[in-house]
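# Structural overview
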There are 2 protein chains.
Amino acid sequence: MVKERVTVVDIARAAGVSKSTVSLVLQGSSLVNEVTRAKVNATIRELGYVYNRSAANLRQSKSKIIGIVVNDLTNSFFAELAVGVDTVVQSAGFVQFLANTSEKIERQREVVASMREHGVSGLIISPARGTEAADLAPLVESGIPVVLVVRDIADAGVSSLTSDNHAGAMAAVRHLIDRGHRRIAFLGGFPDTAVFEARMRGYREALLEAGLDAADGLVIGSAPSRAGGVTAIEQAMMLSDRPTAALCFNDAVAFGVCDGLRARRLEPGADFAVIGFDDVIEAKTAVPALTTVSVDPQGMGQRAAELLLKQINAGRAEAESIIGSVRLVVRQSCGAAIERKTREALS
Amino acid sequence: MVKERVTVVDIARAAGVSKSTVSLVLQGSSLVNEVTRAKVNATIRELGYVYNRSAANLRQSKSKIIGIVVNDLTNSFFAELAVGVDTVVQSAGFVQFLANTSEKIERQREVVASMREHGVSGLIISPARGTEAADLAPLVESGIPVVLVVRDIADAGVSSLTSDNHAGAMAAVRHLIDRGHRRIAFLGGFPDTAVFEARMRGYREALLEAGLDAADGLVIGSAPSRAGGVTAIEQAMMLSDRPTAALCFNDAVAFGVCDGLRARRLEPGADFAVIGFDDVIEAKTAVPALTTVSVDPQGMGQRAAELLLKQINAGRAEAESIIGSVRLVVRQSCGAAIERKTREALS
DNA sequence: ATTCATAATTGGAACGTTCCAAATTCGTCA
DNA sequence: TGACGAATTTGGAACGTTCCAATTATGAAT
């Protein structure tokens, strides 16, 4: 049962042409006559030939592989990002190496090295916490296009695709203020990340703009996960002067906050307004449907892939930083004000 | 800026040894003297050499790549499965090609072909709906180990790792019956899949065992997603004789069912019992915490990877079918805790 | 018939590694 | 000193492709 490999020379011999001709057919060259092309293709099918990309890579040192490394595939935001990348990358005839770092910088070093050894022709990376420009230096030195997604790294000299976290956070908080909220918390996320910093800055700015003071006590960090959201809201509810609304670091945290509220017999949307960030796929079907700042992870993955492919094809493109715009999607979880108004109207 | 490649010969020249020696060092052979090894390693670092796996693959036709293809990466069950695979595969020095088929058989064909061309030394696949044994035939003929996960395919002649869907469903339904439920629905999932069939059979059998009749009307299919769960429960509630409990096809459906119940002002766990299947990571933090049949997706990914690696190392292992055991994790969505508390209060 | 342009085809030399058989060095023992 | 075995080292020859320069076939124009 151990079949030995069928190679181009086998095909060539069987079809009565030279291996060069077979190679030409394989790459769809227009140089080859229609009838020979047909004959060769027939032979290929007949002998069950499979193309050996390792060999091809060796000769023409450019592979059809791109790498994508994410810090937490378990988070559906990143899973969706990955499928976004996958769709465009696939249809461009590339294939993706996907690695998950679980936020561990050591693991990230390994996988990046491994990808380099495999000759990826480009890399999309959502870097683990604490990644520095130096970690990416070898890549850029060897001329491999890199695009950072979600998290930017200062002075890395590579392209990046982030979203307008600052504007998104401002829009969300303004909305809460418009609805009459005065004590608004910012819940979840690790404070030492650039994304946290940007969202928090937007939150602060919107508060100041409205003449509200941005007390530090209402900013409560946590793991950026559902479980983290639960603990963050618990902490928030222990405050002497409780908030009535919260902007959450991301949707996962927001769901956790909803869970935590229910555990206290508070109905999210009615008794407390919550807004998320990301607009993951579950946001619209959840009950109450989550008001959130839409980042469109899948679209982001697609754009990142397009950017990367552009750089790969261009040979050597200079770094560009794209800040994707973002929009507030108002659904039900921030409906506190409405409910209150209704209640007042009834009384 | 365009650095040309540093190769083993460059290292050899710089270190004053032959390329063979460098190669030996690279593979950590014990044949080479300690001091030369050190010298070579120093040179490697100094010149910034990066190993070229394409070249190595070409020579010793076995790569350090395994492929994993899943039918829906957006579903966190599969995302977790993928990270499970990733962890063990990484630490064995392999790297994974991950592809998402979005349940499209055509896409699956492409990605499998592509992986073959890249010379993966093994493949883990959760096949798209409608995959037949013939689709995998080329793989097995060329001696590439394949392990099916989650969904088995009859007569494919490859290893498979599934979970005991039948027993899990029975346990769940028995539990509901024990709690006094008599009208129990089976919600969600595509009826034309083996997994659906197995779970449904378990559901039926548990009902019959208890002398309840398994009316067809209580089995309602839908997309195996959160949105599908919403529609399924809506349909169930339109029945003249409504169910009081449901076993859901998977956790995503179960969450959707909870959403749908809330939309009707029914509290899952209190007014209606729901049990999921899979035990995804959110199941324990959701409110109410989801009672579910635990399948441990990450562990499943790990076991699949281990099985695959075993076969890769063994050269040619015969197919084995593993049916992972499964256990019911009782949390709050089936009303268990509440009932218990009530009972204690009464006594 | 000859010439010439164009279309098609083709050998061989890479690409960067591993593997094999053979060669070299080294220490030890007679 | 010579011989011998073990420990190291080393030249090629692969591996399966692509690319280049060169060759051959084709057909039209003279």
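Residues numbered from 1 in each chain as written. Chains lettered and ligands numbered in written order. Predicted model: local features only at pLDDT ≥ 70, side-chain atom pairs only at ≥ 80, totals over all residues. Heavy atoms only, no water.

### Focus on the domain arrangement of chain A
The assigned domain composition of chain A is domain 1 (8-51), domain 2 (65-163 + 297-324) and domain 3 (165-296 + 329-346). Computed from C-alpha atoms alone, the centre-to-centre distance between domain 1 of chain A and domain 2 of chain A is 36 Å. (Domains from an automatic or database assignment.)

### Overview of empty space enclosed by the protein
A complete count under the given rule lists 2 cavities of 30 Å³ or more for this structure. In this structure, the largest cavity occupies an estimated 160 Å³ of space. Arg226, Asp259 and Arg262 of chain A together with Arg226 and Arg262 of chain B are, among the 17 residues lining the largest cavity, the residues nearest its centre. Contributing elements (two or more residues each) for the lining of the largest cavity: helix 11 (251-263) of chain A together with helix 11 (251-263) of chain B. Across the lining of the largest cavity, the residue classes tally to 11 nonpolar, no polar and 6 charged. When its volume is computed, the second largest cavity comes out at roughly 70 Å³. Around the second largest cavity, the lining residues are Arg53, Ser54, Asn57, Ile65 and His118 of chain A together with Arg53, Ser54, Asn57, Ile65 and His118 of chain B. Among the elements of the structure, helix 4 (53-59) of chain A together with helix 4 (53-59) of chain B are those that each provide at least two residues to the lining of the second largest cavity. Taken together, the residues of the lining of the second largest cavity break down into 2 nonpolar, 6 polar and 2 charged. (1 Å grid on protein atoms, 1.4 Å probe; cavity = no way out; pocket = protein on both sides within 12 Å on 5 of 7 lines; lining within 4 Å. Points joined across faces, edges and corners; volume = space filled by probe spheres on them. Helix = DSSP H or I, 4+ residues; strand = E, 2+ residues; numbered from the N terminus. Nonpolar A, V, L, I, M, F, W, Y, C, P; charged D, E, K, R; others polar.)

### Description of the packing of helix 2 (residues 19-26) of chain B against helix 3 (residues 34-47) of chain B
Helix-helix packing is described using two parameters, namely the angle between the two axes and the distance between the axes. Residues and elements named next belong to chain B. At their nearest, the axes of helix 2 and helix 3 sit 10 Å apart, and the two run at 90° to each other. Looking at the two axes, helix 2 sits roughly perpendicular to helix 3. Facing helix 2, whose interface residues are Val22, Val25 and Leu26, helix 3 presents Arg37, Val40, Asn41 and Ile44. (Axes fitted to C-alpha atoms, helices over the stretch in contact; angles between N-to-C directions. Parallel < 35°, antiparallel > 145°, perpendicular 65-115°, else oblique. Contact = heavy atoms within 4.5 Å.)

### Quick word on the pattern of salt bridges
Taken as a whole and assessed by the stated rule, the structure comprises 30 salt bridges over all chains. Across the salt bridge formed by Arg53 of chain B and Glu117 of chain A, the nearest N and O atoms sit 2.6 Å from each other. With Arg53 of chain B in helix 4 and Glu117 of chain A in helix 6 (residues 105-117), this pair bridges two chains. We classify Arg53 of chain B as partly exposed; its relative accessible area is 21%. (Salt bridge = Lys/Arg side-chain N within 4 Å of Asp/Glu carboxyl O. Buried < 20%, exposed > 50% of the residue type's maximum accessible area, 1.4 Å probe, protein only.)

### Side note on the interface of chain B and chain A
Counting residues at the interface gives 44 residues for chain B, matched by 43 residues for chain A. In this assembly, chain B packs against chain A so that about 4,400 Å² is buried in total across both faces, 58% of it on carbon and sulfur atoms. It is Thr74, Glu117 and His118 of chain B in chain B that bury the most area against chain A; as a group they hold 13% of the surface buried on that side. Our enumeration of links across chain B and chain A arrives at 8 residue pairs in polar contact (both at pLDDT 80 or more). Of all the secondary structure elements, the ones that give two or more residues to the side of chain B that touches chain A are helix 4, helix 5 (76-91), strand 2 (95-100), helix 6 (105-117), helix 10 (226-237) and helix 11 of chain B. The residue inventory of the side of chain B that touches chain A, partitioned by class, reads 20 nonpolar, 11 polar and 13 charged. (Buried area = accessible area lost by both parts, 1.4 Å probe. Polar contact = N/O pair within 3.5 Å; in protein donor to acceptor, adjacent residues only side chain to side chain.)

### A few points about the relation of the copies chain B and chain A
Once turned by 180° and shifted 0.0 Å along the axis, chain B lies on chain A with an RMSD of 0.1 Å. Here the symmetry operator amounts to a two-fold rotation axis. (Least-squares fit on C-alpha atoms with pLDDT ≥ 70 in both.)

### Quick word on helix 9 (residues 194-209) of chain A
Residue and element names in this part refer to chain A. Its 16 residues place the ends of helix 9 22 Å apart at the C-alpha level, agreeing with the 22 Å of an ideal helix rising 1.5 Å per residue. Val195, Phe196, Ala198, Arg199, Met200, Gly202, Tyr203, Ala206 and Leu207 are the residues of helix 9 that are buried. Along its buried surface, helix 9 packs onto helix 8 (165-178), strand 6 (184-187), strand 7 (219-220), strand 8 (245-248) and strand 9 (273-278). Looking one or two residues beyond helix 9, the residue adopting positive phi is Gly211, at roughly 75°. (Expected span 1.5 Å × (residues − 1).)

### As for the protein's contact with DNA strand D
Around DNA strand D sit 26 residues, and of these Val8, Ser23, Tyr49, Tyr51 and Arg59 of chain A come closest. When the atoms of DNA strand D within 4 Å of the protein are grouped by moiety, sugar and phosphate amount to 64% of the total. Interatomic distance of 2.4 Å between a side-chain N/O atom of Tyr49 of chain A and a phosphate oxygen of DNA strand D. Within the side chain of Tyr51 of chain A, one N or O atom sits 2.8 Å away from a phosphate oxygen of DNA strand D. Put simply, the parts of the chain that give the surface near DNA strand D at least two residues each are helix 2 (19-26) and helix 4 of chain A together with helix 2 and helix 4 of chain B. Looking at which element gives the most residues to the surface near DNA strand D, the answer is helix 2 of chain B, with 4 residues. Across the surface near DNA strand D, the residue classes tally to 10 nonpolar, 11 polar and 5 charged. (Near = heavy atom within 4 Å.)

### Here we look at the sheet that holds strand 6 (residues 184-187) of chain B
All names here are of chain B. With mixed pairing, 6 strands are arranged side by side in an open sheet as 7-6-8-9-10-12. Only two strands of the sheet have a single neighbouring strand rather than two, namely strand 7 (219-220) and strand 12 (327-329). As judged from the 2 bridges shared by strand 6 and strand 7, these two strands associate in the parallel manner. Across the sheet, residue Leu187 finds its bridge partner in strand 7, namely Ile220. On top of the sheet, helix 8 (residues 165-178) reaches strand 6, strand 8 (245-248), strand 9 (273-278), strand 10 (291-294) and strand 12; it is set at about 165° to strand 9, its chief contact. (Pairing = 2+ DSSP bridges.)

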